[in-house]
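Spelled out from the first residue to the last, the chains are:
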Amino acid sequence: MNKILFFLLVAFIATSAYYNNKEGSSDLASSSPRQFTPLRLPLLPKTGLNTFNTAAEAYNYQESQHERAAFDWNPGYPVYIPTFDSQNRPYLRKHERSQTTDLTNGFVRYDGGGWTSLPLTLDSLQSLAPENTLEELIRSNRQDILWDPKMAVFDRDDIMYTTLRLKAGNPAEKSYVVMYSKDYGRSWKSLTLQKSTSLPEWYDLERPYSPAPLQGPPAFLYYQATGKAPGYEKGFEYWQGTTGKLIFQASHFNADGDLVTDLPVVLSETAQPIGYRSGSAVKILRSNDKYYITWLEATMDHKLEKNERGRPTNTRPDKLGNPYSGIWIAEYDIKTRNFIKTEILKSWPLNDSHNQPGIVRSKDGRLHVIGGAHGAHFAYTHSLQPDSIKSWQEPVYVNTTDSGYSANFNIPGYKGGSQTYVSLVIDSQDRLHLAYRLWAHDKSVFDFEYFGALAYQSAAPDSSGKSWKWSEPKILVYPNAQEYTHYYQVLTLDRKDQLYLEYSQMRPYAPYYFKAPSEEQVNTSPMLNSALLKSEDGGKNWFLVNDRDFAK
């Protein structure tokens, strides 16, 4: 008996040593019981952050302040938003904590005991660009994994898809390409989606919004800016008042088993830009033979008034929510290739492309849409008829809890608001999960006027199954400094209803942005600062994800 106990003890010590060497000495991410405590990073000093001489010094300093150092968290994977196959194995896009990654860097997959690398086999790309060698394609096509949706998506046949931007041949000619694999990323085929010398600047692809996979190959959304709303022609940022063409494109497999695209359809000529990282909420979903697409429409008939500095003076909403930009939705019939569309929500401030919407579908066919805001109230509604855009619930504001700070564009007379960047999913119990940045003020945290926190809310259907009520906001992550912070967060679910939230806390100040004495402009990639949270209990408790947490 003593011998058995001895060998069990040796085995336990060996196993513990293996995981400690692999993931660090702390087991913060896997402690039991998992009681929720908001993450609080070490506070940055208020002075002395502009004294770095090189980018390397700034990067090293950021490392000492990151979740990795603060919580002894050592993920053995590239931190990105995971996607899951039918076996609930996670796939994450491979990168070196940089905003861009090599063309051939595909994915890593967790197989229970470790990570398997799945590079993109690019032979099929050469058939799309025969005038280029593979080396030329790799050299000229680093991929932006921050602003473009570079995750994998799976359909119900377990076919894996991902997208690329490709420059080939004529330097002015660019393409959007979808790559797909029928063997879990071991081999790939490719298809050109769009090819032009004036390729749309922004795109998105159909992505899972629940534990269920896509019904078939993904559809795509493209945005091409064409002008400005009246009054915004000069003196405004790209995200203010920009209007353009919104294009939808479906895809399907032909009789030979090859992926082909349908003809693109123009949904709007006056849409606002589709910001993927503005919360990264899903904008496209399919139900049987129909697609539903939501977007932010520009307001073209508002007379913009400016002050002596050229800034708008009349864009704050009144008690009725005017002026506003509309959240629209289209219903596209796959068989007839016709669509109808309608406006369903208001968003604030006016003509601001941060106000991205999100859409999900509950099991009864109701479509749930949240209209984003840039520091104002999110608005929520759901369809009253299954798989139809004809009638909608009266909109409600998602957050009516006072955060201690009232943002400029909140609706007068209503508490709460101060929300930016919609991240929205729905689980198998029809519970809605929402993450966003929340402007807040709490003197016990920061003495400044406000700070930006990463917050979470949920809504479950009532006993009738026809109404959803939002919980109060829960702060998941406190910033390391007061005033402005953004998170670039992305929310998703695995096949077991477990929630994942990728985020990267960043600020437009040193040590993230500054000019070194050498005049070098240091602009840190948010991917350097990214982290990944998980909840196994429907959003009640959250923790940093270590490798073996993916096996649960």
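Each remark here, short or long, concerns the structure printed above.
One structure accompanies this document, and this report is about it. (Residues numbered from 1 in each chain as written. Predicted model: local features only at pLDDT ≥ 70, side-chain atom pairs only at ≥ 80, totals over all residues. Heavy atoms only, no water.)

### Things to note about the overall build of the protein
Along its length, the protein carries 5 helices and 37 strands. The C-alpha radius of gyration of the protein comes to 24 Å, within 12% of the 24 Å expected for a compact globule of 552 residues. The buried share among the 552 residues of the protein stands at 56%. Across the protein, contacts joining residues at least 24 apart in sequence account for 63% of those joining residues at least 6 apart. Accessible area for the protein stands at about 22,800 Å²; split by element, carbon and sulfur atoms hold 51% of it. Across the protein, the centroid of the 59 positively charged side chains sits 2 Å from that of the 61 negatively charged ones. (Helix = DSSP H or I, 4+ residues; strand = E, 2+ residues; numbered from the N terminus. Rg over C-alpha atoms; globule rule 2.2 N^0.38 Å. Buried < 20%, exposed > 50% of the residue type's maximum accessible area, 1.4 Å probe, protein only. Contact = heavy atoms within 4.5 Å. Areas by Shrake-Rupley, 256 points an atom, 1.4 Å probe, with all protein chains shown as cover. Lys, Arg positive; Asp, Glu negative; His and termini not counted. Charge placed at Lys NZ, Arg CZ, Asp CG, Glu CD.)

### Some details on the layout of surface pockets
Its boundaries defined by the atoms lining it, the largest pocket holds a volume of some 700 Å³. In this structure, the largest pocket is lined by 26 residues; those nearest its centre are Trp239, His354, His374, Tyr421 and Tyr484. Sorting the residues of the lining of the largest pocket by element identifies β24 (374-376) and β28 (432-440) as the ones contributing at least two each. Here the lining of the largest pocket is composed, by residue class, of 14 nonpolar, 9 polar and 3 charged. (1 Å grid on protein atoms, 1.4 Å probe; cavity = no way out; pocket = protein on both sides within 12 Å on 5 of 7 lines; lining within 4 Å. Points joined across faces, edges and corners; volume = space filled by probe spheres on them. Nonpolar A, V, L, I, M, F, W, Y, C, P; charged D, E, K, R; others polar.)

### Thoughts on the pairing of strand β9 (residues 160-167)
A large share of β9 lies buried, amounting to 6 of its 8 residues. Examined bridge by bridge, strand β8 (residues 153-154) and β9 share 2 bridges and lie antiparallel to one another. From the neighbouring strand, Phe154 faces β9, where its bridge partner is Met160. Here β8 hands over to β9 after 5 residues, with Asp158 in that stretch at a positive phi of 65°. (Pairing = 2+ DSSP bridges.)

### Thoughts on helix α2 (residues 55-65)
For an α-helix, the turn length of 3.6 residues means that residues three or four places apart are oriented alike. Along α2, the positions that sit buried rather than exposed are Ala55, Ala58, Gln62 and Gln65. Taken down its axis, α2 places every buried residue within 80° of arc, on the same side. The inward-facing, buried residues of α2 contact α3 (67-70), β34 (513-515) and β35 (521-523). (Arc of directions from axis to C-beta.)

### Notes on the sheet that holds strand β20 (residues 325-333)
Sheet strands pair via backbone hydrogen bonds, and the direction of the pair is either parallel or antiparallel. The sheet built from 4 strands is open, its strands ordered β18-β19-β20-β21 with antiparallel pairing. Both edges of this open sheet fall to β18 (284-287) and β21 (339-347), since each of them pairs with a single strand only. When strand polarity is set aside, the average angle formed by the axes of neighbouring strands in this sheet is 20°. Judged from the 8 bridges that link them, β20 and β21 form a sheet pairing that is antiparallel. (Axes fitted to C-alpha atoms, helices over the stretch in contact; angles between N-to-C directions.)

### A few points about the packing of aromatic side chains
A full pass over the atoms with the stated rule returns 33 aromatic pairs. A centroid spacing of 5.2 Å and a plane angle of 80° characterise the contact between Tyr77 and Phe550, whose relative ring orientation is edge-to-face. Of this pair, Tyr77 sits in the loop between α3 and β2 (83-84) while Phe550 sits in the segment after β37 (543-544), and the two are 473 residues apart along the sequence. Neither residue differs from the other here; Tyr77 and Phe550 are each classed as buried. On the basis of an interplanar angle of 75° and a centroid distance of 6.4 Å, the ring pair of Trp147 and Trp202 is categorised as edge-to-face. (Phe/Tyr/Trp six-rings, centres within 6.5 Å; stacked < 30°, edge-to-face > 60°.)

### What about the nonpolar core?
Leu533 and Phe550 are the most contacted members of the largest nonpolar core, which has 55 residues in total. Of all the elements, strand β33 (residues 499-504) adds the most residues to this core, at 4 residues. Filtering out sequence-adjacent residues up to four positions away, Leu533 remains in contact with Leu39, Leu476, Val477, Leu499, Tyr500, Leu501, Tyr503, Trp542, Phe543, Leu544 and Val545. Counting residues in each nonpolar core, the second largest holds 36 residues, with Ile327, Val360, Trp392 and Leu432 among its members. (Core = buried A, V, L, I, M, F, W, Y, C linked by side-chain atoms within 4.5 Å.)

### So, the sheet that holds strand β6 (residues 115-118)
Within the open sheet, the 4 strands sit side by side as β2-β3-β5-β6. Their pairing is antiparallel. Each edge of the sheet is formed by a strand with only one pairing partner; in this case those strands are β2 and β6. Across 4 bridges, the pairing between strand β5 (residues 107-110) and β6 is antiparallel. If you follow Tyr110 over to β6, its bridge partner there is Trp115.

### What to know about empty space enclosed by the protein
Per the counting criterion, the structure on display carries 4 cavities of 30 Å³ or more. When its volume is computed, the largest cavity comes out at roughly 220 Å³. Forming the walls of the largest cavity are 24 residues, and the residues nearest its centre are Pro82, Thr83, Arg207, Pro208 and Thr492. Mapped by element, the contributors of at least two residues to the lining of the largest cavity are β2, β8, β27 (419-426) and β32 (490-493). The element that contributes the greatest number of residues to the lining of the largest cavity is β32, accounting for 4 residues. For the lining of the largest cavity, the residue count by class is 18 nonpolar, 4 polar and 2 charged.

### Here's the deal with the pattern of salt bridges
Counted by the stated rule, this structure contains 21 salt bridges. Between Asp204 and Arg207 there is a salt bridge, with its nearest N and O atoms 2.9 Å apart. With a closest N to O distance of 2.6 Å, Arg431 and Asp427 form a salt bridge. Given a relative accessible area of 30%, Arg431 falls into the partly exposed group. Here the salt bridges share partners, and the residues they tie into one network are Asp85, Arg89, Arg109 and Asp111. (Salt bridge = Lys/Arg side-chain N within 4 Å of Asp/Glu carboxyl O.)

### Re the environment of Asp204
Along the chain, Asp204 turns up in strand β12 (residues 202-205). For Asp204, a relative accessible area of 3% gives the class buried. When the C-alpha atoms of Asp204 and Asn254 are compared, they prove to be 23 Å apart, with 50 residues separating the residues in sequence. Setting aside residues no more than four positions away along its own chain, Asp204 makes contact with Pro149, Ala219, Phe220, Leu221, Ile274, Tyr276, Ala281, Lys283 and Ile284. At a separation of 2.9 Å, a polar atom in the side chain of Asp204 contacts the side chain of Arg207. (Polar contact = N/O pair within 3.5 Å; in protein donor to acceptor, adjacent residues only side chain to side chain.)

### Some thoughts on the side chain of His302
Within the secondary structure, His302 is located in the loop between β19 (290-296) and β20. Setting aside anything within four residues of it in sequence, one finds His302 in contact with Pro230, Asn314, Pro323 and Leu350.

### Quick word on the pairing of strand β13 (residues 220-228)
The sheet contact formed by β12 and β13 spans 4 bridges and is antiparallel. Pairing of Trp202 across the sheet is with Tyr223, part of β13. Across 8 bridges, β13 lies against strand β14 (residues 242-249) in antiparallel orientation. Its bridge partner lying in β14, Gly227 is registered against Thr243.

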